[in-house]
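Reading the structure
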Amino acid sequence: MPELPEVETIRSDLALRFIGLRLEMLKILGERTIRRNKTNLEEVGPELLGRQLSDAKRYGKYLILELSGSQIGEISYLVVHLGMSGRFVLQLPEMPNGRDHTKMHVRFSEEDLYLWDPRTFGEVFLETGLDDLGRPMTLSKRLGIDPYLYPHNVAGALGEVAVRSSRAIKAVLLDQKVIAGLGNIYSDEVLFRSRVSPSFPVSALDKRGIERVAEAVVEVVNKAVVLRGSSLKDKSYMDLSGRPGSYQSEHLVYGRYSKACMVCGEDIDRVLIAGRYSSFCSICQQGADRWDYS
DNA sequence: AACTCCCCCTGGATGC
DNA sequence: TGCATCCAGGGGGAGT
């Protein structure tokens, strides 16, 4: 399930391989993939042919392909969210049951690129502009701080929530309006590393606690980007060439429910927050006050 | 207004 | 073995 580090890995691979090339084909194969259809991709699509990929950007979990226009200043953005199971691949994977989950087929200067998405949670739409932070304009109000682009603003964003909300810190980390890019994997890892229980109310964190969590967000995200993301058994994330990332070997709590905590040996517990299970260690993770026990 | 919950979907894991 | 059921998760919208 691609979160910020996986999308960033895909972004940099795409940038290396495709920037400067011209779009020769844009074929949408899944109706659900363009369900928002913000700027009627089916109609506008043909107008994009011949344009050059001038940049590959990312904000949160959104991948933003910048297509320069034929007229000066004319730019369009093909925005892609990979959802749960979306992958960009150079070669289509083989399915044992023979099903084809290709949702988009693009070709840049004779090089094919496919969006492969079995669970169809992914989506593609066209955008005419980005805001001052680099967010697709129509998503401006829905996305908070990207911790990879703006590491120094994470503590501020969390602090702002803390003064007006008593939501569980885990729910806050998952909320894209606060921090854009974290999903279940990285938010669990962040909370273990900052030694805060997932159900701890954000309002009960003091300044140091907030800073601890913010530092862990930046640390975990940066390390995961270096290691090219996390690939799980379900293979829902593989890079452009079909290779796995390696941050999964750094996971200390995610996917380790009922296994022994790597730090204290206690069984990893889990709790349902905002409809998702959080794995955590009830000994190592309590309030922020416990953070310097190591 | 702020927040939670349900739904969309499929493949893999688990249960009987 | 094979079938049925469960589970995972992001985001949007309905509901509280």
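Residues numbered from 1 in each chain as written. Chains lettered and ligands numbered in written order. Predicted model: local features only at pLDDT ≥ 70, side-chain atom pairs only at ≥ 80, totals over all residues. Heavy atoms only, no water.

Going by what an unreviewed UniProt entry lists, chain A is known as DNA-(Apurinic or apyrimidinic site) lyase and is assigned to Ferrithrix thermotolerans DSM 19514. If you open the UniProt record of chain A and go to Cofactor (unreviewed entry), you find "Zn(2+)". In its Sequence similarities (unreviewed entry) section, UniProt records this for chain A: "Belongs to the FPG family." (UniProt positions renumbered as here; feature names shortened; annotations may be inferred.)

What follows covers the protein's contact with DNA strand C. The environment of DNA strand C is made up of 16 residues, and the closest members are His 81, Met 84, Phe 121, Tyr 254 and Arg 276. Each atom of DNA strand C within 4 Å of the protein was classed as base or backbone; sugar and phosphate made up 64%. At 2.4 Å from a phosphate oxygen of DNA strand C is found a side-chain nitrogen or oxygen belonging to His 81. In this structure, a phosphate oxygen belonging to DNA strand C sits 2.7 Å away from a side-chain N or O atom of Tyr 254. Here the surface near DNA strand C is built from residues that sort into six nonpolar, four polar and six charged. (Near = heavy atom within 4 Å. Polar contact = N/O pair within 3.5 Å; in protein donor to acceptor, adjacent residues only side chain to side chain. Nonpolar A, V, L, I, M, F, W, Y, C, P; charged D, E, K, R; others polar.)

Assignment of secondary structure puts Ser 85 in the loop between strand 4 (75-81) and strand 5 (87-89). The exposure class of Ser 85 is buried, given its relative accessible area of 4%. Among the polar contacts listed, one links the side chain of Ser 85 to the side chain of Asp 117, at a separation of 2.7 Å. Within polar-contact distance, the side chain of Ser 85 engages the backbone nitrogen of Arg 119 at 2.9 Å. Once residues within four sequence positions are removed from consideration, Ser 85 is found in contact with Trp 116, Asp 117, Pro 118, Arg 119, Thr 120 and Ser 236. (Helix = DSSP H or I, 4+ residues; strand = E, 2+ residues; numbered from the N terminus. Buried < 20%, exposed > 50% of the residue type's maximum accessible area, 1.4 Å probe, protein only. Contact = heavy atoms within 4.5 Å.)

Looking now at the domain arrangement of chain A. One can read the domain layout of chain A as domain 1 (4-142) and domain 2 (151-293). A combined buried area of about 1,700 Å² lies between domain 1 and domain 2, and 61% of that area is made up of carbon and sulfur atoms. Considering only the surface of domain 1 that becomes buried against domain 2, Pro 5, Glu 6 and Arg 87 emerge as the three largest contributors, covering 30% of it. Taking the shortest distance from any N to any O, the salt bridge between Asp 13 and Arg 228 comes out at 2.6 Å. Remark: the boundary between domain 1 and domain 2 carries six residue pairs in polar contact (both at pLDDT 80 or more). Contributing elements (two or more residues each) for the side of domain 1 that touches domain 2: helix 1 (4-18) and strand 5. (Domains from an automatic or database assignment. Buried area = accessible area lost by both parts, 1.4 Å probe. Salt bridge = Lys/Arg side-chain N within 4 Å of Asp/Glu carboxyl O.)

Surrounding DNA strand B, one finds Arg 32, Met 95, Asn 97, Arg 99, His 101, Pro 118, Arg 119, Thr 120, Phe 121, Ser 165 and Arg 167. When the atoms of DNA strand B within 4 Å of the protein are grouped by moiety, sugar and phosphate amount to 69% of the total. Note that a phosphate oxygen of DNA strand B is positioned 2.7 Å from one of the side-chain N or O atoms of Ser 165. Counted by class, the surface near DNA strand B contains three nonpolar, four polar and four charged residues.

As a further point, take the sheet that holds strand 6 (residues 102-108). Taken in spatial order, the four strands of this open sheet run 1-6-7-5, and their pairing is antiparallel. Pairing within the sheet leaves two strands with one partner each, and these edge strands are strand 1 (23-28) and strand 5. Each strand of the sheet is rotated relative to its neighbour by a mean of 15°, with strand direction disregarded. Across three bridges, the pairing between strand 5 and strand 7 (residues 111-116) is antiparallel. Bridge assignment links Arg 87 to a residue of strand 7, and that residue is Trp 116. Packing against the sheet, helix 1 makes contact with strand 5, strand 6 and strand 7, and its axis sits at approximately 160° to strand 7. (Pairing = 2+ DSSP bridges. Axes fitted to C-alpha atoms, helices over the stretch in contact; angles between N-to-C directions.)

The next subject is the packing of helix 3 (residues 154-162) against helix 6 (residues 207-226). Two elements in contact, helix 3 and helix 6, have axes whose closest approach is 9 Å; the angle formed by their N-to-C orientations is 135°. Here helix 3 lies oblique to helix 6, going by the angle between them. Between helix 3 and helix 6 lies a crossing whose hand is right-handed. Contact residues: Val 154, Ala 155, Leu 158, Gly 159 and Ala 162 in helix 3; Ile 210, Val 213, Ala 214, Val 217 and Val 218 in helix 6. Residues belonging to the contact of helix 3 with helix 6 are distributed by class as follows: nine nonpolar, one polar and no charged. (Parallel < 35°, antiparallel > 145°, perpendicular 65-115°, else oblique. Left-handed = near helix turned anticlockwise from the far one by under 90°.)

With that settled, the discussion passes to the sheet that holds strand 3 (residues 62-68). In spatial order, the strands read 2-3-4-8; together these four strands make up an open sheet with antiparallel pairing. The sheet is open, and its two edges are formed by strand 2 (52-59) and strand 8 (123-127), each paired on a single side. Taken pair by pair, the neighbouring strands of this sheet meet at an average axis angle of 20°, ignoring direction. Summarising the sheet, strand 4 and strand 8 pair through five bridges and their orientation is antiparallel. Opposite Leu 78, over in strand 8, you have Leu 126 as the bridge partner. On top of the sheet, helix 1 reaches strand 2 and strand 3; it is set at about 165° to strand 2, its chief contact. This element, helix 2 (residues 41-48), spans strand 3, strand 4 and strand 8 of the sheet and lies at about 65° to strand 8.

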